[in-house]
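Close look at the chain arrangement
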Amino acid sequence: MTKYLETIFYLVLTAIVCNIGVTEGARAQYVTCGSVLKLLNVAYNMRLHSHDVKYGTGSGQQSVTATEIQEDVNSHWVIKAKTGRQCERGEPVSCGDIIRLQHVTTKKNLHSHHFQSPLSGNQEVSAYGDDQGEGDTGDHWEVICSGEFWRRDSSVKLKHVDTDSYLAVSGRTFGRPINGQMEVMAMSQPRREGEWKAAEGIFLHANEVKSHSHAHTEL
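Below you will find a few notes about this structure. (Residues numbered from 1 in each chain as written. Predicted model: local features only at pLDDT ≥ 70, side-chain atom pairs only at ≥ 80, totals over all residues. Heavy atoms only, no water.)

Let us now look at the pairing of strand 7 (residues 123–128). With five of six residues buried, strand 7 is to be regarded as a mostly interior element. Summarising the sheet, strand 3 (residues 62–67) and strand 7 pair through two bridges and their orientation is antiparallel. Counterpart to Ser63 in the pairing with strand 7 is Ser126. Of the strand pairs in this sheet, strand 6 (residues 109–116) and strand 7 are connected by five bridges, and their pairing is antiparallel. Bridged to Leu110 within strand 7 is Ala127. Remark: six residues form the turn of the hairpin made by strand 6 and strand 7, two consecutive strands paired antiparallel; Gly121 in that turn has positive phi of roughly 75°. (Buried < 20%, exposed > 50% of the residue type's maximum accessible area, 1.4 Å probe, protein only. Helix = DSSP H or I, 4+ residues; strand = E, 2+ residues; numbered from the N terminus. Pairing = 2+ DSSP bridges.)

The next point concerns the nonpolar core. Within the largest apolar cluster, 31 residues are counted, with the highest numbers of intra-cluster contacts made by Leu48, Leu110, Trp150 and Leu167. Counting residues per element, this core draws most heavily on strand 11 (residues 182–187), at three residues. If near-sequence neighbours (up to four positions away) are discounted, Trp150 is found in contact with Gln29, Tyr30, Val31, Leu39, Ile79, Val93, Cys95, Ile99, Val143, Cys145 and Val156. (Core = buried A, V, L, I, M, F, W, Y, C linked by side-chain atoms within 4.5 Å. Contact = heavy atoms within 4.5 Å.)

Moving on: the side chain of His76. Inspection of the secondary structure assignment puts His76 in the loop between strand 3 and strand 4 (77–81). For His76, a relative accessible area of 13% translates into the label buried.

The geometry of an aromatic ring pair comes down to the distance between the two centres and the angle between the two planes. Applying the stated criterion to the full structure yields one aromatic pair. Seen from their ring centres, Tyr30 and Phe149 are 5.1 Å apart, and the 65° between their planes marks the pair as edge-to-face. Here the residue Tyr30 occupies a position in the loop between helix 2 (24–27) and strand 1 (36–41), and Phe149 occupies one in the loop between strand 8 (141–144) and strand 9 (157–160), the gap between them amounting to 119 residues. Judged by relative accessible area, which is 21%, Phe149 ranks as partly exposed. Over the face of the ring belonging to Phe203 we find Arg152, whose NZ or CZ atom lies 3.7 Å from the ring centre. (Phe/Tyr/Trp six-rings, centres within 6.5 Å; stacked < 30°, edge-to-face > 60°. Lys NZ or Arg CZ within 6 Å of the ring centre and 35° of its normal.)

Take the pairing of strand 3 next. By the criterion of burial, strand 3 is predominantly enclosed, with six of the six residues buried. Side chains Gln62, Val64 and Ala66 project from strand 3 onto one buried face, and the interleaved Ser63, Thr65 and Thr67 project onto a second face that is buried too. Pairing of strand 2 (residues 46–54) with strand 3 involves five bridges; the strand directions are antiparallel. Counted as the bridge partner of His49 is Thr65 from strand 3.

Right, let's get into the pattern of salt bridges. A side chain of one charge can pair with a side chain of the opposite charge when the charged atoms of the two come close. Evaluated as defined, the whole model comprises seven salt bridges. When the shortest N-O distance is used, the salt bridge between Lys157 and Glu195 registers 3.6 Å. With Lys157 in strand 9 and Glu195 in the loop between strand 11 and strand 12 (196–202), the pair connects residues that are 38 residues apart, well separated along the chain. For the residue pair Lys157 and Glu195, the accessibility class agrees, reading buried in each case. Residues Glu195 and Arg192 are paired through a salt bridge, measuring 3.9 Å at the closest nitrogen-oxygen approach. A relative accessible area of 18% means that Glu195 is categorised as buried. If you follow the salt bridges from partner to partner, you end up with Lys157, Arg192 and Glu195 in one network. (Salt bridge = Lys/Arg side-chain N within 4 Å of Asp/Glu carboxyl O.)

The amide bond that connects Arg176 to the next residue, Pro177, takes the cis arrangement and shows omega of 5°. Topologically, Pro177 is positioned in the loop between strand 10 (166–173) and strand 11. One non-glycine residue, Lys107, lies in positive phi territory at about 70°. Mapped onto the elements of the fold, Lys107 is located in the loop between strand 5 (98–103) and strand 6. Not every positive phi belongs to a glycine, and Asp164 is a case in point at roughly 60°.

Spelled out as structure tokens, the structure:
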């Protein structure tokens with residue numbers, strides 16, 4: 001219950017920072033640093049998800065799945081800069097940028113490594129890091145998209161920097177205790193199962209952030 005309240009508190013604070021009066025045109029344009037969003041898999045219409053449930057095989061780290069439930073609070077992720085770097089809140093994420101995706105509820109980062117995924121035997125994707133959200137280079141994902149910036153209305157691919165594999169949904173479904181959720185894994189080829197779009201979220205924009213604070217936040 002405490003983690004749920006912390007998540008709601010974070011989202012309310014972000015909403016205050018993000019000027020409610022921002023124009024619809026600005027809202028529809030870019031995914032930005034510091035934004036909180038859900039990622040929708042194009043092939044399966046499922047949202048990237050995590051929760052405090054460990055894999056029973058492989059790394060034993062926190063599992064990452066895909067869910068069809070739109071309202072689930074455990075599908076929120078924060079866009080952050082790569083380890084040891086800063087990005088200015090509200091600045092658009094460029095195609096080719098290396099980012100981290102931090103799970104809002106558990107503070108762990110979207111992660112991959114050379115473990116086998118539990119259902120399809122592809123590359124495992126987990127959530128990893130300490131209580132401050134610090135992990136390692138296995139948390140780094142390159143944004144693959146066309147044009148200059150990651151647009152909210154366009155699909156992107158997320159390429160794992162350490163292993164050159166692409167974040168994807170296998171289409172295989174788990175049983176208990178995460179019944180009905182699909183396996184998220186990383187695959188070597190950039191196919192449709194590895195395309196993602198920004199779905200619901202709170203998207204910060206530089207002008208609105210600066211109007212509330214002159215300080216830059218380290219991400």
